[in-house]
Every structure is written in C-alpha cells, then in structure tokens.
Amino acid sequence: MAAAFTFKEGWGIYVGDKEVYFARAAYTLKGKGILETIHRTLADKPLAAQLAETLHIPTPEELTVQEAAALDASEHPEANKSLPKPSLAARLKALIPRFPLLLDVGVPDNRVFFSMLPTPSPVTRKTDLQALISENPRTAFLSMDHLITDWTGTQIGEQHFAIVGAARRTHIRGLLQTFDSFRLQPLRMEPGPWAALRALWQTFPPLLGPGNEFWIVIGEKKILVALCQGSLPLGWQVVERDPESAVQRKLESILRQLMTYSRWTLKAPEAARVTLCGPAVPEQWAKGVSDIVQVPARSIAGPAYDGELVARGLALGSLSPDASALNLARFVQKPLSLMALLPRFESLVAALVIGFVLIVMGDRSSTLSRHLHSLKRENAQAAWAIGKNPMELDAINRKLRVEAILLEEYLVDRTAWAPIFEELSRLLPEKSLMGNLEAEDQIWLKNSASKDLGERYLLVRMGTPLPPNGEVPGEIDSYLAALRLSPLFMKNFPRVQLASINWRKDFGAEMAYAMAMCVPAQIKQTGELPSSAPPPKEAAK
Amino acid sequence: MPSATLKENLMKAWEGKVVVRLQDPDTLRITVLGVIGILGLGMIGLPLYSSIGTLQDQLSREKERATLIKEQTLLTTRMKQYKKRLPENGTLNWWTGYLMDASRDSGLKIAEFKPYVAQSARANIGARRGMLLRFEVVGPFSKVLRFIGWLENQPTIVHMASILMAKESLTSPLRTTITIGVLTDRAEAKKVMAKLQKEAVIKKREPEKEESLNASDH
C-alpha cells in the first residue's frame, strides 16, 4: 500500500554487451526503494525497441511530424526560420518531456577505466585534468582522443586526489544517441561497479569512520573487488570466474594489488573490515581473504554482482542527481533541462492552493468593495452628510438627541390637570369643601422646590365639619381612599398621603382641615442637562 | 563589446552555478515552490490582503456613518413632528394675546401677568428658549377648570408648570395663579430678559427717589 504512493521516480538502465537491465526506484511512504526490475536480452530486440517497450514511450518513428518540428524549432530557432511555425499547442507539448525524466545509465565494468590521481590542490571542475593525466605515466593513455573522462575530488589524510573515470567516446556517444532519438536525456552515465556498490549499501551500510573497507561482491560470472572509504570507492578490479579453480588465487592477487595501491599510492589507512557478499559465499574464500588482509572477514548473504544489481544502484542514484558520482557523459551531453526537472505536480498543487486562497481573497475583496459601493451610494443620498466623518456626525447627533429629549419633556411628558381637578371635585364628600390647591409640574427649574415632593405633585386642602364628639371626621379617610382607588390618580399620582390635619372655626362651626399629598410612584427631581443621551431605539437597530 | 561580454559572463554564471544547483530536484522544488509562493502570495496575495484591510476599514467607517445618518434622519423627523405643535411666531406679545383671548372666552379675567425667562440649562432647546408666564385669573372653579382644559387640549402646546388655587376667605372669589412654560425664539427671550432687568432697576431706584424727595421736603 505504501508503495502505491510514490513521490519521485527514477529509472536505472544498465546496458551490457548482450543484455539490458531496467530498475525503477521511487520515494514512497517507506522511504527510498526499488519498485521493480526488468531484464531483457538484446539478442531478442535492439536497445531502442527494448527502451520503447519497457518505458512505454513512443518510438522515434511514432513522434508526429509537427511535434518533431516544434522540438527542432524550440531547440534550433535560427536554423529553422524557413520552416512553417508550429502551433502554440505543439510547442507546449514539445516542452513536456518524455517519460522518464530521471534516468541513470550504467556503463559495463569492462568498458570503464577507474583510478585515483594525487593532486597538489583540491580538485574542482576547473582543474586541468588533461595536464594531470599526461604527467602521470600510469594514466597517460587517457589523453587519447577516443576516450572520454570525468572526475571528482576527494581527500585522504593531507593528500588531495582526483577520482578519474574514463570510457570510449564512441560507446558513450552511441548510447546517448539512442536515448536522444527518444527525446530522453540521461541524468548520468555511471561506471557500473560504483552503481552496484550503491545498491549494496542501500541494504548493507558501509563502514563509517577511519579505516577502509574491502567489498567483495560475488556474481555468477564475475566478482567485484572494491576498496572503499565509507561510501566512496577508491579502486576496484573485476575477476572473471573462469576458470573457477583459479578464482581464489586471482582474488588474493587482486587484493594484494589493491592493498599495495592503497598503502603506497593513496597512503590510505589499512583496511578495517572485509565484507564478502553474494548468494553463497564459499568459506575458504573468506578465510583466505582474512589471512591476506589481516582483518576478520564477514560474509553476508546478499545480491550477486550482475546487471540487475547495477541497474538497482543506477535507479537509486537517479533519485539523487546531486550525489557524488562520475558522469562519463558530462562533456558530451546537453546540460539537463530545468524544464524537464520541474516538479510539475507539486507546482500544480501549490499553484492550485495559492490560486484558491487568492480566489477566496479576491471574492472577499470584491464582496467588500460591492458592499462599500452600495453603502457609499446610500449614504450619498443624505447630501448634508457628505464630507462629514463619523465623529462630526456623532457630535451633531448628540446635540440633536439632547434637543429631542428636552423637547419631549416639554411637549409629551406633561400632566393634564383639568381631568385631575375634575376628579378631585367629583370625589369630594358632600359635606366637605375644597380649600387651597397646589398643582406642580415644574419645568426648567434649576432645582426641585422640595426633595420629598419632587418636580411633580398635587397638594389638596379639604375641610369637613367636625362631629360633635370631636373625633376626626370619616370623610377625610374616605376621600383619601377614594383618591387612591381612582384610576386617574392610580395612573398619575398613585401615592396619596395625609400630610397634615388641623381644626379651625369656620361658618360658626368647628371644621377639620386635612392636607392630602399626591405624588407619582417615583419622585423625579429636576436634574441637569442630559449630557450623553442614548440614541433612539430605531437608530440603534 | 563590453555589454556582450557582460551578457556572456552572466550567461556563463547562470549556466555554471544556478543551473547546476537547480539540477538537484530538491533545490529546484524548493526554488519553484518558493517562486510560486512569492509570486502568488507575495505579489498578489499581500496587496490583496492589504486592500481587503483597507476595504474593511472603509466599510466599517461607512457603516458607522450610515447608522449615524439613519439616527439623524429619525431624530430630525421626530423633531419636525414636535415642532409642528409649537407656534410659528411665539413672541411674548403673541402669547399674551393668546392667553387674553382664551381667558375672555372662558369668562375669566386675567388679573396679573408676568413673564420670566427660565434659568435652567434644560430650557435651551435648539434655537428656542423656554419662558415661564405667570398670570392670575379670578373666577369660579368651574370656569377655571374649563380654561385649564381648553389650554391643555389646544394643538399649540403649553406646559402647565404650576397651578395654585386659593381663597382669602370663604366668601372671597377664587384666585388661581397659573404658570405655564412656553417656547420662544432666543432673540425674543433675550429681549424679554433685558426688559425685565430694566424694570427691576427702575423699581429699585423708585424707593430711593422717594426717599430723596422726602428728605428734600423736610
């Protein structure tokens, strides 16, 4: 299941003399790994046919004329001025590279020369390798025109080295032409043994730290003997397993050669470990090797040294184009097109995500803009408000609010006295008379006349003949009770109280005079100007 | 040409350093995604974000303005309705005439009439100023009641501030002192105030004159 999700895929293609091996590697949820390996024999079909069939790509003949023209036009615009212009769609289609993009091609061990040359300074791409080669008698033959070289640098102790690889120019060019006919561009053309070691190290990590390591990878027909420093090969030799009886002797001889080379040429530290790897490692080989190298040998049951192992290493290498490796086609191939390496899927996802975010933001912006526009248009209808900011408008409103409250206080919040006086008169007991009357609904006074009475009250003085027994006449209580029960008084002056009572002789008879005090439920004091009146309810909505 | 050399050098630098570095897919991926991010979010997103911020600010300001405009419209409408119930030309003379006519119709006689300019800050209502008119009417309770009822039910509103009914004796007529609050123009109120002050000064001087005349007689 984890292998179903691949993030980046790369192919390794090992083209041997009689067969071709394909390996497909990818980053999956489990990490970097090989997805499949395919083995084909060149005797059945030529390399081009094998490539087309295995990689599921159209053959050169299948490429449409227009696509080819578009490709030519985009690659050689000067030379193709006379040709009819291809359509934009065809041009764009031509830009899309043919699958697969990440392609590592291996060169067989018998076609590669590999060595290390000491250099006085660190090796860079600017190092004059030709001078270095010609000065060294062991590698002087590399300066021949029919060879193609690539190099990289390393350091052992204080000494700098150039790791040099070489192959026949015709072989490399031939391979490149084959791939080019499919519009394919290999990332690298690597020496096969290095790629085989890379594949092996994926499962069995190399020795890290000081000390070199011998790797003896046993194949069905060949045995690879490599001296490595960590994951960097310092030198290798390939032993043919024919005849089988001479293999152990050859192996020991090569080991000695490499030890001498390591000790005297590279001045590298002694080997710290020897690893023999293969489907079946003979015990006597391990013992023999251990005796020569003078370190214990470990035997591991691993893959055999063959084209498949090389292809696997190439596929893994294709996933790391920046890995330290030789590229024998470096100086004859076109630089790798950035367009071909473009992470299209990630770019598309990122562009879609960003596009979505931008669309949402744009929509929000346009909605806001629309609302703002309509609101501005609505506000512009109030011509008097044009150019006035909210603070100015609020100041005007505050003034208006106060004015409205005061006007309301004057016009609306007032007492209708006529019906109240009428009620007073109606409820007055028959024998009683009304004396003084004081009705107040004070307005615009600085302070209330009385804090007990507030700004609105009614004082009524009523007189009643005193009964012969001298008791308080019942009319007073009944009048007060009648006032309290009157709906008009309940609404305007629900609190009716007896304020005072006294006696006086009037009309030749003793009279009791009572003062009734009528006040509203809540006594309101004349206050100061309302400074921050609340806005009207309708406006608050 | 020097420019060609520069161009060549730049091209070489591009091919030699930048392109080689970008041939590492991880570097290329980060670069491409970075460029997409910078182009998308940096060059379009950020200005858009800032424009949204500005629009939101403007919108909230306009919303606030709309609320205030609505409130002001409402207040103005309410004020207009209130002002319809006030006399257009509410001068002191107009009010005096108004009250005289009303009392005459009710069969009452206005015995004393005195205006006051209200001192409270609450009497300052826009372009108008509150004034208190105190007058005394003499007549029976029923007529006074009718007079008060008439004043209260007129479309021109007056605020009955105080009503004081008293009889000196049971046989003497009912004297009712009424104080009403009315609204006049500020200019009119000012005029009345000046007139009242002048009268007060004259009143204060009269006893002094009399005293000085008495003294000269002696």
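Here the structure is a predicted model, which means the values were calculated and not measured. (Residues numbered from 1 in each chain as written. Chains lettered and ligands numbered in written order. Predicted model: local features only at pLDDT ≥ 70, side-chain atom pairs only at ≥ 80, totals over all residues.)

Let us look at the overall build of chain B. A count of helical and extended segments in chain B gives five helices and five strands. Counting from the amino terminus, chain B carries its helices and strands in the arrangement α-α-α-β-β-β-α-β-β-α. Sorting the 218 residues of chain B into buried and exposed places 22% on the buried side. Long-range pairs, those at least 24 residues apart, make up 64% of the contacts in chain B with a sequence separation of at least 6. (Helix = DSSP H or I, 4+ residues; strand = E, 2+ residues; numbered from the N terminus. Buried ≥ 20, exposed ≤ 12 C-beta atoms within 10 Å, placed from the backbone. Contact = placed C-beta atoms within 7 Å.)

Turning our attention to the overall build of chain A. Within chain A, the regular secondary structure consists of 16 helices and 17 strands. When each of the 541 residues of chain A is scored for burial, the buried share is 33%. Taking as baseline every contact in chain A between residues at least 6 positions apart, the subset at least 24 positions apart corresponds to 67%.

Quick look at the sheet that holds strand S9 (residues 212-218) of chain A now. Residues and elements named next belong to chain A. Pairing within the open sheet is mixed, and its five strands lie in the order S11-S10-S9-S12-S13. Each edge of the sheet is formed by a strand with only one pairing partner; in this case those strands are strand S11 (232-240) and strand S13 (297-301). For this sheet the average axis-to-axis angle between neighbouring strands, irrespective of direction, equals 20 degrees. Relative to S11, strand S10 (residues 222-229) runs antiparallel, the two being bridged by eight bridges. From the neighbouring strand, Leu227 faces S11, where its bridge partner is Gly235. Its contacts with the sheet place helix H6 (residues 192-203) against S9, S10, S11 and strand S12 (271-278), and it is angled at close to 75 degrees to S10. Here helix H7 (residues 247-266) sits on the sheet and contacts S9, S10 and S11; the angle it forms with S11, its principal contact strand, is near 155 degrees. (Pairing = 2+ DSSP bridges. Axes fitted to C-alpha atoms, helices over the stretch in contact; angles between N-to-C directions.)

The next point concerns the pairing of strand S3 (residues 31-41) of chain A. Regular strands have side chains that alternate between both faces of the sheet. Residue and element names in this part refer to chain A. Sheet analysis places strand S2 (residues 19-28) next to S3, joined by ten bridges and oriented antiparallel. Directly across from Thr28, in S3, lies its bridge partner Gly31. In this structure, the hairpin formed by S2 and S3 is closed by a connection of two residues.

This part covers the interface of chain B and chain A. Taken residue by residue, the interface counts 68 residues in chain B and 68 residues in chain A. Ranked by residues supplied to the side of chain B that touches chain A, first place goes to helix H2 (residues 25-83) of chain B with 36 residues. The residue makeup of the side of chain B that touches chain A, split by class, is 37 nonpolar, 17 polar and 14 charged. Looking at chain direction, strand S14 (residues 433-441) of chain A and strand S4 (residues 159-166) of chain B are connected through four bridges and run antiparallel. Pairing of Glu440(A) across the sheet is with Ser162(B), part of S4(B). (Nonpolar A, V, L, I, M, F, W, Y, C, P; charged D, E, K, R; others polar.)

Residue and element names in this part refer to chain B. With their axes 9 Å apart at the nearest point, helix H3 (residues 92-106) and helix H4 (residues 141-152) run at an angle of 140 degrees to one another. Taken together, the axes of H3 and H4 lie oblique to each other. For the crossing formed where H3 meets H4, the hand is right-handed. Across the interface between the two elements, Ala102, Ser103 and Ser106 of H3 pack against Lys143, Arg146, Phe147, Trp150 and Leu151 of H4. Taken together, the residues of the contact of H3 with H4 sort by class into four nonpolar, two polar and two charged. (Parallel < 35°, antiparallel > 145°, perpendicular 65-115°, else oblique. Left-handed = near helix turned anticlockwise from the far one by under 90°.)

Moving on: the nonpolar core. Counting 82 residues, the largest nonpolar core has Ile13(A), Ala162(A), Ala196(A), Ile216(A), Val217(A) and Val225(A) as its most contacted members. Apart from residues lying up to four places away in sequence, Ala196(A) is in contact with Val217(A), Leu224(A), Tyr305(A), Leu309(A), Val310(A) and Gly313(A). (Core = buried A, V, L, I, M, F, W, Y, C linked by C-beta atoms within 7 Å.)

Residues and elements named next belong to chain A. Taken in spatial order, the three strands of this open sheet run S5-S7-S6, and their pairing is antiparallel. Whereas interior strands pair on both sides, the edge strands pair on one side only; in this sheet they are strand S5 (112-119) and strand S6 (147-156). Geometrically, the sheet is characterised by an average inter-axis angle of 20 degrees between neighbouring strands, direction not taken into account. Relative to strand S7 (residues 159-168), S5 runs antiparallel, the two being bridged by eight bridges. Bridging across to S7, Val112 finds its partner in Ala167. Here helix H5 (residues 169-181) sits on the sheet in contact with S6 and S7, set at roughly 70 degrees to S7.

Turning our eyes to something else, we now look at the confidence of the model for chain B. Residue and element names in this part refer to chain B. With 89% of its residues at a pLDDT of 70 or more, chain B has an overall mean of 83. Taken element by element, the predicted model of chain B shows its lowest mean pLDDT in helix H1 (residues 2-22) (68) and its highest in S4 (91). Under the prediction, the complex receives an ipTM of 0.73, its pTM being 0.53. (pLDDT = per-residue confidence, 0-100.)

A separate point is helix H13 (residues 417-427) of chain A. Along H13(A), the residues classified as buried are Trp417(A), Ala418(A), Ile420(A), Phe421(A) and Leu424(A). Angularly, the buried residues of H13(A) cover 165 degrees about the axis, an arc narrow enough to put them on a single face. In this structure, the buried side of H13(A) is in contact with S14, strand S15 (456-465) and helix H15 (487-492) of chain A together with H4 and S4 of chain B. (Arc of directions from axis to C-beta.)

All right, on to the environment of Pro122(A) then. Residues and elements named next belong to chain A. One can find Pro122 in the loop between S5 and helix H4 (129-135). Expressed as a C-alpha distance, the spacing of Pro122 and Thr152, which sit 30 residues apart in the sequence, is 9.9 Å. The residues contacting Pro122, other than those within four sequence positions of it, are Gly153 and His160.

Before going further, it helps to examine the confidence of the model for chain A. Interpretation of the predicted coordinates at a detailed level should be avoided for regions scoring low in pLDDT. Per-residue pLDDT for chain A has a mean of 83; in total, 85% of the residues score no lower than 70. The model gives residues 537-541 of chain A a pLDDT under 50, and that stretch makes six contacts with residues more than four places away or in other chains.

Residues and elements named next belong to chain A. In a regular helix each residue adds 1.5 Å, so twelve residues correspond to 16 Å; helix H9 (residues 307-318) covers 16 Å between its end C-alpha atoms and thus fits that length. Burial of H9 is extensive: twelve of the twelve residues sit out of reach of the surface. Residues of H9 that are buried: Gly307, Glu308, Leu309, Val310, Ala311, Arg312, Gly313, Leu314, Ala315, Leu316, Gly317 and Ser318. Against the buried residues of H9 lie strand S1 (8-15), S2, S3, strand S4 (103-107), strand S8 (188-191) and H6. (Expected span 1.5 Å × (residues − 1).)

On to unusual backbone geometry. Residue and element names in this part refer to chain A. The step from Asp242 to Pro243 runs through a cis peptide bond, and the omega angle for that step is 0 degrees. Residue placement: Pro243 occurs in the loop between S11 and H7. Positioned with a positive phi, Lys267 is a non-glycine residue whose angle comes to about 50 degrees. Relative to the elements of secondary structure, Lys267 occurs in the loop between H7 and S12. For Lys267, a count of 12 C-beta atoms within 10 Å gives the class exposed. Not every positive phi belongs to a glycine, and Gln294 is a case in point at roughly 70 degrees. Structurally, the position occupied by Gln294 is in the loop between helix H8 (283-293) and S13.

The sheet contact formed by S14(A) and S15(A) spans seven bridges and is antiparallel. Across the sheet, Met434(A) pairs through a bridge with Met462(A), a residue of S15(A).

Two numbers describe a pair of packed helices, the interaxial angle and the distance between the axes. Relative orientation of the contacting elements H13(A) and H4(B) amounts to 150 degrees, with a least axis distance of 8 Å. Taken together, the axes of H13(A) and H4(B) are roughly antiparallel relative to one another. Residue-level contacts link Trp417(A), Ala418(A), Phe421(A) and Glu422(A) of H13(A) to Leu145(B), Ile148(B), Gly149(B) and Glu152(B) of H4(B). Per-class residue counts for the contact of H13(A) with H4(B) are five nonpolar, one polar and two charged.

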